[in-house]
Amino acid sequence: HAGHDVADTDVADKTDVVVSIRGTVGAADLITDLLSQPVDDGSGTMYHVGMLSSARAIVTDMKAKGVWDDLVSKRKGKVVLTGHSLGAGLAYLVAVELVRSGADRSRVACVAFNPPGGLSSKSSSRLESHHSVIVNKDAISRMSITTMKRL
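Enquirer: Please clarify how unusual backbone geometry should be interpreted in this entry.
Expert: The bulk of non-glycine residues show a negative phi, and the bulk of peptide bonds are trans. The residue Ser85 is not glycine, and still its phi comes out positive at about 60°. You can see Ser85 is positioned in the loop between β4 (79-84) and α4 (86-100). The buried category is assigned to Ser85, whose relative accessible area is 17%. In this structure, Asn114 is a non-glycine residue whose phi angle is positive, near 50°. Tracing the sequence through the fold places Asn114 in the loop between β5 (108-113) and α5 (121-124).

Enquirer: Is there a simple way to explain the sheet that holds β4 in this structure?
Expert: Strand pairing in a sheet is mediated by backbone hydrogen bonds. Such pairs are either parallel or antiparallel. Pairing in this open sheet of four strands is parallel, and the strands run β1-β4-β5-β6 from one edge to the other. Edge positions in the open sheet fall to β1 (17-21) and β6 (129-133), since each of these has one partner strand only. Put simply, the sheet's adjacent strands are angled 15° from each other on average, direction ignored. Across five bridges, the pairing between β1 and β4 is parallel. Directly across from Val17, in β4, lies its bridge partner Val79. Sheet strands in contact with α4 are β1, β4, β5 and β6, and its direction is about 155° off that of β4.

Enquirer: Any chance you could explain the nonpolar core here in plain terms?
Expert: Counting 32 residues, the largest nonpolar core has Leu71, Leu81, Val94, Leu98, Val108 and Leu127 as the members making the most contacts within it. For this core, the elements supplying multiple residues, two or more each, are β1, α2 (49-64), α3 (68-72), β4, α4 and β5. The biggest single contributor to this core is α4, with 11 residues. Among all residues touching Leu127, those that are not within four sequence positions of it are Tyr92, Ala95, Val96, Val99, Val108 and Cys110.

Criteria and thresholds
- Residues numbered from 1 in each chain as written.
- Predicted model: local features only at pLDDT ≥ 70, side-chain atom pairs only at ≥ 80, totals over all residues.
- Heavy atoms only, no water.
- Helix = DSSP H or I, 4+ residues; strand = E, 2+ residues; numbered from the N terminus.
- Buried < 20%, exposed > 50% of the residue type's maximum accessible area, 1.4 Å probe, protein only.
- Pairing = 2+ DSSP bridges.
- Axes fitted to C-alpha atoms, helices over the stretch in contact; angles between N-to-C directions.
- Contact = heavy atoms within 4.5 Å.
- Core = buried A, V, L, I, M, F, W, Y, C linked by side-chain atoms within 4.5 Å.

Distances and angles like these do not, on their own, reveal function.
Right under this line is the structure:
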């Protein structure tokens, strides 16, 4: 799964918390990018299987480090998830999972830089604040699984 690190595990008393997830760097991340088969996440929403698997690994790691419950129960400030490329897609999926786990929707935001195309619009409604920034003619951000199959 994509590289990530929980740099500060003492998030309970912080006003605002930013979780940053890096994008594709090496061969392992490229494999995650290429595992594009759509899969149901258990709620009837379809996602990119590689990203869903990696997002779940990040959530598992955050739970193991004792951060997840603090983020879910956060009652002041915001939790902002951000990333670039693959990291943007993962930030989005982790943000959706935070809200599904009971985090206050108004306190969870996602800022995605050049996210992969085709992220589910159905689950976007679970986030009150979701912004995507797409620079120039980034092909990955404009591509979906359907578009790739047409090629």
